[in-house]
Structures are given as structure tokens and as C-alpha cells.
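Here are the chains, one letter per residue:
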Amino acid sequence: MTITKNLSSVTNRIENAALQANRIPTDIDILAVSKAWPAEKLRAAIDAGLTRFGENYLQEALQKIEQLQDLKIEWHFIGPIQSNKTKDIAIHFDWVQSIDRLKIAQRLNKQRPASQSPLNVCIQINIDNETTKSGVQVSELFSLARVINSLEQLKLRGIMVIPSKTDDLEQQHLAFHRAHNLYQQLADQYATVDTLSMGMSSDMSVAIVEGSTMVRIGSALFGQRTTPRGAGQVN
Ligand SMILES: *Cc1c(COP(=O)(O)O)cnc(C)c1O
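This one's a predicted model, so the numbers in the text were calculated from it and none came from an experiment.

Q: Mind laying out the site of the ligand, listing which residues take part and the relevant values?
A: Neighbouring the ligand are 13 residues, the closest being K35, N56, S201, G218 and S219. Within the backbone of S219, one N or O atom sits 2.8 Å away from an oxygen atom of the ligand. In the model, an oxygen atom of the ligand is placed 2.9 Å from a nitrogen or oxygen of the R225 side chain. Contact with the protein chains covers 95% of the free accessible surface of the ligand, which is 390 Å². Classifying every residue of the shell around the ligand by side-chain character gives 6 nonpolar, 4 polar and 3 charged.

This is the structure in C-alpha cells:
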């Protein structure tokens, strides 16, 4: 019940932002960020109509993937990646949005089983140049994209950004706008690129106005997380 209500309010926010920007609301996908929530919460979310789930912590995610294997779910890995974790990620996920270095891309490519379709990947960009944040520098984006594009078992889908936290609307617009510019350049070069993953519960409307094609929504769908696990924390 709560999830259904929350989803309809998220959908409303998406529609309003899309309308404001003359965009088609269905061009924006919802990734339900389910970190810190148990499998039964995800079942309720699936009943409400959600199909894509994002997880940050591998061990926690693997448990839920196992518990929910009877359901058709698209799993996205969105957390920082340690190189000793790439094998499980390559096998059990459909997407990885947090690629931030060549070594990780190469390992995922090698470890993605040939029997599975190529792993969909986004490059995470450190859009505000924060020293504490994961993600490539803007200057490294295009060379990393070129290599990923050449890897057989990876499919380059786009970019993911987490701008620095601010209540300043203008700052939010600027960061998302820069990300959209980079996305556009990438999409002009690579036909497989169709995903600009940006916007969370607090800033999804601005992200959509600036061109997001996928919003990653946690608390606005599931409620406030009680464990203090925020974006960017390592497993
Ligand atoms: C936790 C998380 C989100 C969702 O954050 P909410 O504010 O709960 O919507 C989105 N993206 C990433 C990378 C996250 O770690």
C-alpha cells in the first residue's frame, strides 16, 4: 500500500518535470534503489509495478537476488566496486552503473560469462570534481569509453552522476547540465549510448528537466533508510 502510494507520487513528480521540459514522461525510467531493504519490500515494489532495482553492497544484493530468483528483475549495481568483487557482479547483474576505472571494466568483461548477453554499463563521472567521490574525471571519460566500446562482453549504455549535495537549485541545474552535455557527446559517438542516469529522491525533478533518462529513487519509494548507509560508501 505505501509503496503503491509512494510510486504514484514519484510518477507524478516525473510527469510534472517532464511536462515542464517538454519531454515525454515515459522516456524516463525509474530505478528503485533497494539498498538496506529486505527482499519482501522488493516483492511489494514489484507488485506495485517496479521492474529495475539498484543495489550498492554486493553481499546484501546477492542474498536478495537469490531470494527473488523466481521473479523477473533487472538488477543494477550502483555502488563503488572493489576489484575482488567484479566476478560476482559480472555474473549476477544486468547493469553496472558505477564503472570508474579501466581495470574494473576489463575484469568485468573477462568475467562476464559468454553464455550471458553483454553486461550493460555506465561510466560514473565525478561531475563536481570532489576528492571523496568515486567516478572518472571528465578528462578521462572519452578514452575510457573508447576502450569499453571495444570490449565484447560489455555494452556501453551511458553515464551515471551523483552531484555534490546542495540545496542551491542553480548549482543542481549546472551539474546536471554539464552531465547532459557529456552524455550528448557520447551518444553522438556511440550508437549504444541511450542512458543518462541522474537524479535521486531529492533532486529528480531538476535532473529530468536537464535531460535525465533514468532516475535512481530510494527513500521516496521505500521510506527513510534506518541504517546510515549513504551514496558512495564501500561494502
Ligand atoms: C542511495 C542511492 C540512491 C538513492 O538515494 P535516495 O536519496 O534514497 O533516493 C541513488 N543513487 C545512488 C548511487 C545511491 O547510492
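Moving on from the model shown.
Q: Explain the pattern of salt bridges residue by residue, including any values.
A: A full pass over the atoms with the stated rule returns 8 salt bridges. Note that E74 and R52 form a salt bridge whose closest N and O atoms lie 3.5 Å from each other. Placement of E74 in strand β3 (residues 74-77) and of R52 in strand β2 (residues 52-55) is noted, with a sequence separation of 22 residues between them. Using a relative accessible area of 19% as the deciding quantity, one classes R52 as buried. Across the salt bridge formed by R101 and D100, the nearest N and O atoms sit 3.0 Å from each other. The class for R101 is partly exposed, based on a relative accessible area of 33%. Sharing partners across several salt bridges, the network here consists of D29, R52 and E74.

Q: Run through the environment of A44, naming residues and quoting values.
A: Within the element layout of this structure, A44 appears in helix α2 (residues 39-47). A44 sits 42 residues away from T2 along the chain, and the two C-alpha atoms are 9.3 Å apart.

Rules used throughout
- Residues numbered from 1 in each chain as written.
- Predicted model: local features only at pLDDT ≥ 70, side-chain atom pairs only at ≥ 80, totals over all residues.
- Heavy atoms only, no water.
- Near = heavy atom within 4 Å.
- Polar contact = N/O pair within 3.5 Å; in protein donor to acceptor, adjacent residues only side chain to side chain.
- Areas by Shrake-Rupley, 256 points an atom, 1.4 Å probe, with all protein chains shown as cover.
- Nonpolar A, V, L, I, M, F, W, Y, C, P; charged D, E, K, R; others polar.
- Salt bridge = Lys/Arg side-chain N within 4 Å of Asp/Glu carboxyl O.
- Helix = DSSP H or I, 4+ residues; strand = E, 2+ residues; numbered from the N terminus.
- Buried < 20%, exposed > 50% of the residue type's maximum accessible area, 1.4 Å probe, protein only.

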